[in-house]
Amino acid sequence: METFDSKKTSLYEILKSIHEGKIQLPDFQRGWVWDDNRIKGILASVAKSFPIGAVMLLENGNESIRFKTKAIEGAPEVNGKKPEMLILDGQQRLTSLYQAIISNKVVKTRNAKGYEINRWYYIDMQKALDPDTDLEEAIFSINENKIITENIGRDVVLDLTTREKEFENMMYPVSLIDEYDTWFPSFFEFWEYDKEKIKFWNEFHRRIILGFNNYSLPVIEMTKENPKEAVCQVFEKVNTGGVSLSVFELLTASFASEEFDLKEDWNHIKLKFKSYKVLDKTSEIDFIQAITLFSTYRRKVDLEQVGQKDNFPAVSAKRKEMLNLELSDYKKYRNQVLEGFIKASKILVENHIFHSRDVPYTTQLVPMAAILSQLGKDVDNMGNKTKLMRWFWCGVFGELYGSANETRYALDIVQVVDWILKDGPEPKTIYDANFVPSRLHTLRTRNSAAYKGIYAILMDDNTRDWLSGTKIDISTYFSESIDIHHIFPVAWCEKNKNTISRDEYDSIINKTPLSGRTNRIVSGDAPSKYLDRIKKNVGVADDEFLEILKSHVVNPEFMYKDDFKGFFNDRKERILQKIEKAMGKAIMREQSLTEEGEYVNDEEFADETVDFS
């Protein structure tokens, strides 16, 4: 059976159906965004009988696709009237044409600078019939008052405030193209039935008015038998001239048909997340994906508990499953998953990830929140939490959550929960994780998840700021503006006599968390010089100062000797040992990694800073 039909349809038939409420928009379709120039452009295209692209409509009435609907902007309120068709693609074009031609109201649009303006649209009749003038030049817009002035408003250039002035200036209102029979008799009367003016009108009517009235465009009508996935894919992929829609917006419309405002609920969730800096970048899509993952996992678990042995539904967080998320499941698991995200943020803070900018993979928070939704209080057991973090660090240092993560998410929630609660086999994420020692040389900015991971584990040995001597925790991280800074300063490394390559001095091996105040004292001097300055300011015994330095996974002896090579090789080994401890896996030292292409630093600054406001 055909799931769509393609045909040519009169533009006026479509615009009339919009006016009568027979054609409406799904409520999630974003607002009308076309500017003044684009409106003039599409009017000119119709006037010249140029194609403006196909329109795609969906037949209303599929019980599995229940969208809350609304009228096109500028059209009469529908007041509960059910549409025959919904606009899938073509909202911007149809809204522009409806408002300019049918609505008989001033059009609210924007100018080229983005300012909101009110415009009426006109056709300069003489230009329109001039063979040496492009028809596009004949179509123009005028302000709400229908007066164009010069010399700071002193001189009136064009006045179209009355019908008589339209006749006098030979300017035809686009808003009356569909009602031309109400305009031209008065036009004839104004010109006292002058034969030349009548002849002129007849030619204008034939070439321009009928061009609009006879214009047809291709319409693709999807039947109501189409599955929900097919309809949603159209929304996501074919919004030509508009803005593509997310899964969240599609679900918002679906839930709205059941009188549930998903956007408003997300606003409440964001307020709860606001207290947790780690969750600053967690999006509505992340939240929906985590609920989908958890709800499909719970379906499997519930069937296992009633004795089913096989043929389990898939555990998934792919787009299809997200689009099929039922409102009942959303409501059922919403609070559990919300608490899962909050618990994830608290655990990451315990592991020295204090801000969303320092989260290695925001994508990994999706399975982590779902896993914690299932574990509940069981994660508070030290052994269980250690296992969870081992899975987390393997994902980070194995760099496994960069793209196409949905399959891994499904494996994670099943395998990690089974591993933690039932001592099952190690999860595939742990098995797949591998860290190559040479990767340390290429970790230079926060663009890399492993870079952020190392930044965090450098703080897990009671790391203390060199100047204040205070332990770096969530309080001092924000109060003292802790960030990652060079140990051997860039200025010193770049001196010709030192012959240290940027690949070395800019890598994570030569960086450590310090306060902004400490970094200012470091300046661009050799370590042997700035360490003496810092020690005088901190006011502690030599042994204690050495312990403070050692808390940064360094051997102070190399720093006091200004021995970059010795420092670099020693610290590289120390960092590798910390990565091994976090992953619970040995790292083969002889491995090397050859990167394709040439490294380009997207963050051209020596010391990376974060906004703590």
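Residues numbered from 1 in each chain as written. Predicted model: local features only at pLDDT ≥ 70, side-chain atom pairs only at ≥ 80, totals over all residues. Heavy atoms only, no water.

Undergrad: Would you mind going over the nonpolar core with me for this structure?
TA: By size, the foremost hydrophobic cluster in this structure holds 117 residues, and its most contacted members are Tyr-330, Met-368 and Phe-397. Examining the composition of this core, we find that ten residues originate from one element, helix H14 (residues 327-350), more than from any other. Those residues in contact with Phe-397 that sit more than four places away from it in its chain are Asn-434, Phe-435, Ala-450, Gly-453, Ile-454, Ile-457, Ile-579, Ala-582 and Met-583. Judged by nonpolar contacts, the second largest core, of 56 residues, contains Ile-42, Ala-100, Phe-187 and Phe-188. (Core = buried A, V, L, I, M, F, W, Y, C linked by side-chain atoms within 4.5 Å. Buried < 20%, exposed > 50% of the residue type's maximum accessible area, 1.4 Å probe, protein only. Helix = DSSP H or I, 4+ residues; strand = E, 2+ residues; numbered from the N terminus. Contact = heavy atoms within 4.5 Å.)

Undergrad: Help me understand the packing of aromatic side chains, please; the structure alone is not making it clear to me.
TA: For any pair of aromatic rings, geometry is given as the distance between the ring centres together with the angle between the planes. Considering all chains together, one arrives at 40 aromatic pairs under this definition. Measuring from centroid to centroid gives 5.2 Å for Phe-488 and Phe-564, while their planes differ by 90°, and the two rings are edge-to-face. Here Phe-564 lies in helix H27 (residues 564-583) and Phe-488 lies in the loop between strand E13 (483-486) and helix H21 (490-493), a separation of 76 residues in the sequence. On the accessibility criterion, Phe-564 (4% relative accessible area) is buried. Pairwise contacts between aromatic rings join Phe-167, Tyr-172, Tyr-180, Trp-183, Phe-184, Phe-187, Phe-188, Phe-190, Trp-191, Trp-201 and Phe-204 into one cluster. The ring of Trp-120 has Lys-146 sitting right over it, with the charged end atom 4.5 Å from the ring centre. (Phe/Tyr/Trp six-rings, centres within 6.5 Å; stacked < 30°, edge-to-face > 60°. Lys NZ or Arg CZ within 6 Å of the ring centre and 35° of its normal.)

Undergrad: Got a minute to help me understand the sheet that holds strand E5 (residues 85-89) in this structure?
TA: Hydrogen bonding along the main chain pairs the strands of a sheet, whether they run parallel or antiparallel. Read across the open sheet, the six strands follow the order E1-E12-E3-E5-E2-E4; overall the sheet is mixed. Where the open sheet ends on each side, the last strands, each with one partner, are strand E1 (4-10) and strand E4 (69-70). For strand E2 (residues 23-26) and E5, the ladder comprises two bridges, and the chain directions are parallel. By the bridge assignment, Gln-24 is partnered in E5 with Leu-86. Packing against the sheet, helix H1 (residues 11-19) makes contact with E1, E2 and strand E12 (216-222), and its axis sits at approximately 100° to E1. (Pairing = 2+ DSSP bridges. Axes fitted to C-alpha atoms, helices over the stretch in contact; angles between N-to-C directions.)

Undergrad: Sorry if this is basic, but what is going on with helix H2 (residues 36-47) here?
TA: The terminal C-alpha atoms of H2, which comprises twelve residues, lie 17 Å apart, in line with the 16 Å expected from a rise of 1.5 Å per residue. Buried residues dominate H2, accounting for ten of its twelve residues. Asp-36, Ile-39, Lys-40, Gly-41, Ile-42, Leu-43, Ala-44, Ser-45, Val-46 and Ala-47 are the residues of H2 that are buried. (Expected span 1.5 Å × (residues − 1).)

Undergrad: It is not clear to me how the confidence of the model for the chain should be interpreted in this structure. Could you clarify?
TA: When pLDDT drops low, the exact placement of atoms in the prediction is not to be read closely. Mean pLDDT over the chain works out to 89, with 91% of the residues at or above the 70 mark. Of all helices and strands in the chain, the one with the weakest mean pLDDT is helix H9 (residues 228-237) (65), whereas helix H15 (residues 365-375) scores best (98). Low confidence marks residues 240-244, where pLDDT is under 50. Its contacts with residues over four positions away, or in another chain, come to eleven contacts. (pLDDT = per-residue confidence, 0-100.)

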